[in-house]
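The chain contents come next:
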Amino acid sequence: MASIQTISAQRDAVDIRVYAPDESLRPLVSSYYFLESMGPLADFAPPEQANIRFAIEGVWRLGGSDGKEPIKPSNASLFGPSDRARRFATDGGLLMGVGLTARGWLTLIGGHASDFANLILPLGRQLGPSGLEILGRLAHASGDSERVAILDAILRDRPARQNAYCAIAAQVQDAIQSGRIEDVADLAETVGVEHRRLLRVCTSAFGFPPVRLLRRQRFLRTLNRMRDRRDQPIGKLIDPSYYDQAHFNREFKAYMGMTPRAYFGMPHEIVDRVMEANDGASDRWRGDRREPSQAMGRERY
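Okay, so let's go over this structure.

What to know about the overall build of the chain
And step 1. A count of helical and extended segments in the chain gives 10 helices and eight strands.
And step 2. Counting across all 301 residues of the chain, residues that qualify as buried make up 55%.
And step 3. Within the structure as shown, the chain displays about 13,300 Å² of accessible surface, and the carbon and sulfur contribution to it stands at 49%.

Rendered as C-alpha cells:
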C-alpha cells in the first residue's frame, strides 16, 4: 500500500478506511470501505446507491428515522438503493462495505433495482460464492489488504451478466453526478435517449425514476455543502433549484425523517468522515469530484 493517511472519527474509538477496487472493477465498484468501532456508535446514513455489507465483527443494527425498533440484518447483506436515511448503531465491531455503481448493479447483482429499493436482504449467490461463504473468508483474513484482495478476486471471477442498459446507465450516472443537469428533459438530451427508455434504464439500474434520482442528487449536493459550511445560514447554501428554504426543509424531512435543525443538532462525526474519505478517494483515483453516496489507488484514507 502506498502513502497512508487515516481518516478517523473520535480517533481512539473509530476508524474509517476507504480503498479503490482493482482498476478493472472501477466501472462497477465505487469503493471498498471499512468502519471499525471500538465502542458504542450511532449515526444516520443519507440516501445512497446500492451497497453490499459484511459485518465481520460485532452486531450492527439498522433502522429508519421513524423511531421503529431497529433490525439486525444478515451479516452478509445486500442493501438496495435508497431514497431515505437509515440509522445504524453498534456496540463495537468491524463492517466492510462494497459500493456499487449503477453499472455494477446490472453486472454483479442483476434484477430490477426498483424491486430492491429501500430494502435490506441477505446476500445470496449473486457474486458466485454465497454471502456467508464470502463473510467467512473475510473474517479469517489478516487485514484490509487481504480482504480487498479477496473481494477483487471474487468480483473479477463473478458470473457474467449481460445487460443492454450498462453503457447508458454509466452515462446517466456521470450526468447526474456532474451537477449540471437541471431536469429530466435535460438528462434525456445529454445521454441521447427518449424519455420512456430513460425511465426503464433508471428504474432498472438505479431503482428510481429519473426525476427522483435528480431530486436525491440535488439533496445530497446541498447536504454536502451544508456539511462543509455549518457556520453559514441554510438559505445561502441550498441548491438554487429549490424554490425557497421551505421547499428544501420539506425535502430534507422527506429524506432524513427530521428537520435540518434537528439533524444538525446531533453529532455526525462518522458520516462526515465517510464523506470526506469518499471525496478524497474519488478525487485521487477518478480525477473528479463525486457526490457523497457511498464511501485510492491502493491508498488508505
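Regarding the environment of Asn-224
And step 1. Structurally, the position occupied by Asn-224 is in helix H7 (residues 210-228).
And step 2. For Asn-224 and Leu-237, which are 13 residues apart along the polypeptide, the C-alpha to C-alpha distance reads 9.7 Å.

Remarks on the pattern of salt bridges
And step 1. One pass over the structure, following the stated rule, counts 11 salt bridges.
And step 2. Linking Arg-53 and Glu-48 is a salt bridge whose minimum nitrogen-to-oxygen distance equals 3.0 Å. Note on accessibility: Arg-53 and Glu-48 belong to one class, buried.
And step 3. For the salt bridge of Glu-251 with Arg-218, the shortest nitrogen-to-oxygen distance reads 3.0 Å. You can see Glu-251 sitting in helix H8 (residues 245-256) and its partner Arg-218 sitting in helix H7, a full 33 residues away along the chain. Each of the two residues, Glu-251 as well as Arg-218, counts as buried.

Examining unusual backbone geometry
And step 1. For Asn-118, which is not a glycine, the phi torsion comes out positive at approximately 60 degrees.
And step 2. Mapped onto the secondary structure, Asn-118 falls in the loop between helix H1 (102-109) and strand E8 (120-122).

Thoughts on helix H3 (residues 144-156)
And step 1. The end-to-end C-alpha distance of H3 is 18 Å, a good match for the 18 Å that 13 residues give at a rise of 1.5 Å each.
And step 2. Buried residues in H3 make contact with strand E2 (14-19), strand E3 (29-37), strand E5 (51-63), strand E7 (86-100), H1 and helix H2 (131-140).

A word on the pairing of E2
And step 1. Taking burial as the measure, the six residues of E2 include six buried ones, the bulk of the element.
And step 2. Burial along E2 is two-sided: the face carrying Val-14, Ile-16 and Val-18 and the face carrying Asp-15, Arg-17 and Tyr-19 are both buried.

Some points on the packing of aromatic side chains
The way to describe two aromatic rings as a pair is by their centre distance and the angle between their planes.
And step 1. The final tally for this structure, using the stated rule, is 10 aromatic pairs.
And step 2. Each ring, one from Phe-219 and one from Phe-248, has its centre 6.4 Å from the other, and the planes form 25 degrees; the classification is stacked. Within this pair, whereas Phe-219 is found in helix H7, its partner Phe-248 is found in helix H8, the two being separated by 29 residues in sequence.
And step 3. Phe-219 gets classed as buried once you look at its relative accessible area, which sits at 0%.
And step 4. Judged by its relative accessible area of 0%, Phe-248 falls in the buried class.
And step 5. A ring pair is formed by Phe-219 and Phe-252, whose centres lie 5.4 Å apart and whose planes are at 70 degrees; its orientation type is edge-to-face.

Observations concerning the nonpolar core
When a protein is soluble and globular, its nonpolar side chains tend to lie buried together.
And step 1. Core analysis: the biggest nonpolar cluster contains 55 residues, and Tyr-32, Ile-52, Phe-54, Trp-105, Leu-127, Leu-151 and Val-172 have the highest contact counts within it.
And step 2. Looking at which element gives the most residues to this core, the answer is helix H4 (residues 166-177), with six residues.
And step 3. In this view, Ile-52 contacts Ser-77, Leu-78, Met-96, Gly-97, Val-98, Leu-100, Ile-109, Leu-123 and Leu-127; residues no more than four positions away in its chain are not counted.
And step 4. Membership of the second largest hydrophobic core comes to 15 residues, among which are Leu-220, Met-226, Leu-237 and Phe-252.

Considerations on the packing of H4 against helix H6 (residues 195-205)
And step 1. Relative to each other, H4 and H6 sit at 85 degrees, their axes nearing to 10 Å. Comparing the axis directions of H4 and H6 gives the class roughly perpendicular. Where H4 abuts H6, its residues Ile-168, Ala-169 and Val-172 lie against Arg-197, Leu-198, Val-201, Cys-202 and Ala-205.

Brief notes about the packing of H1 against H4
And step 1. Remark: H1 packs on H4, axes separated minimally by 7 Å, with the N-to-C direction vectors making an angle of 150 degrees. The pairing of H1 with H4 is recorded here as roughly antiparallel in orientation. Here H1 contributes Ala-102, Arg-103, Leu-106 and Thr-107 to the contact with H4, which in turn contributes Cys-166, Ala-169 and Gln-173.
And step 2. Per-class residue counts for the contact of H1 with H4 are four nonpolar, two polar and one charged.

Quick notes on H4
In an α-helix, one turn spans 3.6 residues; hence positions three or four apart end up facing the same way.
And step 1. Between the first and last C-alpha of H4 there are 17 Å, a value that for 12 residues agrees with the 16 Å anticipated at 1.5 Å per step.
And step 2. In this structure, the buried side of H4 is in contact with H1, helix H5 (184-191), H6 and H7.

Analysis parameters
- Residues numbered from 1 in each chain as written.
- Predicted model: local features only at pLDDT ≥ 70, side-chain atom pairs only at ≥ 80, totals over all residues.
- Heavy atoms only, no water.
- Helix = DSSP H or I, 4+ residues; strand = E, 2+ residues; numbered from the N terminus.
- Buried < 20%, exposed > 50% of the residue type's maximum accessible area, 1.4 Å probe, protein only.
- Areas by Shrake-Rupley, 256 points an atom, 1.4 Å probe, with all protein chains shown as cover.
- Salt bridge = Lys/Arg side-chain N within 4 Å of Asp/Glu carboxyl O.
- Expected span 1.5 Å × (residues − 1).
- Contact = heavy atoms within 4.5 Å.
- Phe/Tyr/Trp six-rings, centres within 6.5 Å; stacked < 30°, edge-to-face > 60°.
- Core = buried A, V, L, I, M, F, W, Y, C linked by side-chain atoms within 4.5 Å.
- Axes fitted to C-alpha atoms, helices over the stretch in contact; angles between N-to-C directions.
- Parallel < 35°, antiparallel > 145°, perpendicular 65-115°, else oblique.
- Nonpolar A, V, L, I, M, F, W, Y, C, P; charged D, E, K, R; others polar.

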